[in-house]
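Each chain is listed here by its residues.
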Amino acid sequence: QLQLAESGGGWVQPGGSLKLSCAAASGSTLRGYAIGWFRQAPGKEREAVVCISSSDDRVRYADSTEDRFIISRDYAKNTAYLQIDGLKPEDSGVYTCAGDPVWHVEARCSSTWFQYWGQGTQVIVPS
C-alpha cells in the first residue's frame, strides 16, 4: 500500500515560488503509481491541479490549471514534486498528493481515480 507525505507548503508573497514535495514512505515506492496533485481552498471543494502517469511520466493538467504549475518526480528520491511559480492569492489552499496504479494520461486528472492520499500541506498567498 502506498503511503504519501507532503511537505514544502508555507506563506509566500504574491509572485513568489514554492516547490511542494510528495514523498513515499519507507517501504513503499512511487514506481508503478500515477501521481496527482490536488488543491482545496477554504470553503471550496477539492480540485485537481495536475497528474503524471506511472509508465512514462506523461502529464495531464486539469482544465483550469495554468502552466505555472509543474509536476515532476525523482525515482531515486522516491518523491514527486509540484513547482508553483508566480504565486497568486487564489493559489492558496491545502495541496494534497495522491497515487494510483491505474490512472493513465488519456483520462481526466480527477480525484475520483486516485486511491492513496497524503495529509496535505498548506499554501498561503496573502492578497
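Below: a short report on this structure.

Rules used in this analysis
Residues numbered from 1 in each chain as written. Predicted model: local features only at pLDDT ≥ 70, side-chain atom pairs only at ≥ 80, totals over all residues. Heavy atoms only, no water. Helix = DSSP H or I, 4+ residues; strand = E, 2+ residues; numbered from the N terminus. Rg over C-alpha atoms; globule rule 2.2 N^0.38 Å. Contact = heavy atoms within 4.5 Å. Lys, Arg positive; Asp, Glu negative; His and termini not counted. Charge placed at Lys NZ, Arg CZ, Asp CG, Glu CD. Disulfide = S-S within 2.5 Å. Buried < 20%, exposed > 50% of the residue type's maximum accessible area, 1.4 Å probe, protein only. Core = buried A, V, L, I, M, F, W, Y, C linked by side-chain atoms within 4.5 Å. Phe/Tyr/Trp six-rings, centres within 6.5 Å; stacked < 30°, edge-to-face > 60°. Lys NZ or Arg CZ within 6 Å of the ring centre and 35° of its normal. Pairing = 2+ DSSP bridges. Axes fitted to C-alpha atoms, helices over the stretch in contact; angles between N-to-C directions. Polar contact = N/O pair within 3.5 Å; in protein donor to acceptor, adjacent residues only side chain to side chain.

## Observations concerning the overall build of the chain
Within the chain one finds zero helices and eleven strands. Going from the N terminus to the C terminus, the chain shows its helices and strands as β-β-β-β-β-β-β-β-β-β-β. Relative to the compact-globule value of 14 Å for 127 residues, the chain shows a C-alpha radius of gyration of 13 Å, a close match. Dimensions along the principal axes, computed over C-alpha positions, put the chain at roughly 40 × 30 × 25 Å. Within the chain, counting contacts between residues at least 6 apart in sequence, those at least 24 apart form 59% of the total. Positive and negative side-chain charges in the chain, numbering 12 and 14 respectively, have mean positions lying 2 Å apart.

## Points about the state of the cysteines
With the rule as written, the count across this model stands at two disulfides. Covalently, Cys22 is tied to Cys97 through a disulfide, its sulfur atoms 2.1 Å apart. On the sign convention where negative means left-handed, the S-S torsion of about 80° between Cys22 and Cys97 marks this disulfide as right-handed. In this pair, Cys22 sits in strand 3 (residues 18-24) while Cys97 sits in strand 9 (residues 93-100), placing the two residues 75 residues apart along the sequence. In this structure Cys22 comes out as buried when scored by relative accessible area, which is 0%.

## Points about the nonpolar core
Soluble globular proteins tend to pack their nonpolar side chains together in the buried interior. Ranked by internal contacts, the top residues of the largest apolar core, which has 25 residues, are Leu20, Trp37, Leu82 and Tyr95. When residues of this core are traced back to their parent elements, those giving at least two are strand 3, strand 4 (34-40), strand 5 (47-52), strand 7 (69-74), strand 8 (79-84) and strand 9. Residue contributions to this core peak at four residues, all from strand 3.

## A closer look at the packing of aromatic side chains
Under the criterion given, the structure shown has four aromatic pairs. Relative to Trp117, the ring of Phe38 lies with its centre 4.9 Å away and its plane at 45°, an arrangement referred to as tilted. Here the residue Phe38 occupies a position in strand 4, and Trp117 occupies one in strand 10 (residues 116-117), the gap between them amounting to 79 residues. Members of the aromatic cluster, joined through ring pairs, are Phe38, Trp103, Phe114 and Trp117. Between the NZ or CZ atom of Lys19 and the centre of the ring of Tyr81, over which it lies, the distance is 4.5 Å. Its guanidinium or amino end placed over the ring of Trp117, Arg46 lies 3.9 Å from that ring's centre, counting from NZ or CZ.

## Side note on the environment of Val125
Within the secondary structure layout, Val125 lies in the segment after strand 11 (121-124). Taking the relative accessible area as the measure of exposure, Val125 reaches 3% and is therefore buried. Separated by 33 residues in sequence, Val125 and Ser92 place their C-alpha atoms 5.5 Å apart. In this view, Val125 contacts Val12, Gln13, Pro14, Leu87, Lys88, Pro89 and Ser92; residues no more than four positions away in its chain are not counted.

## Section: the sheet that holds strand 8
Ordered by their spatial adjacency, four strands build an open sheet running 1-3-8-7, and the pairing between neighbours is antiparallel. Because the sheet does not close on itself, it has two edges, and the strands there are strand 1 (4-7) and strand 7. Each neighbouring strand pair of the sheet contributes to a mean axis angle of 20°, computed without reference to strand direction. In this sheet, strand 8 lies alongside strand 7 in antiparallel orientation, the contact comprising six bridges. The residue bridging Asp74 from the neighbouring strand is Thr79, located in strand 8.

## Some words on the side chain of Thr121
Examined against the element boundaries, Thr121 turns out to sit in strand 11. At a separation of 3.0 Å, a polar atom in the side chain of Thr121 contacts the main-chain amide nitrogen of Gly9.

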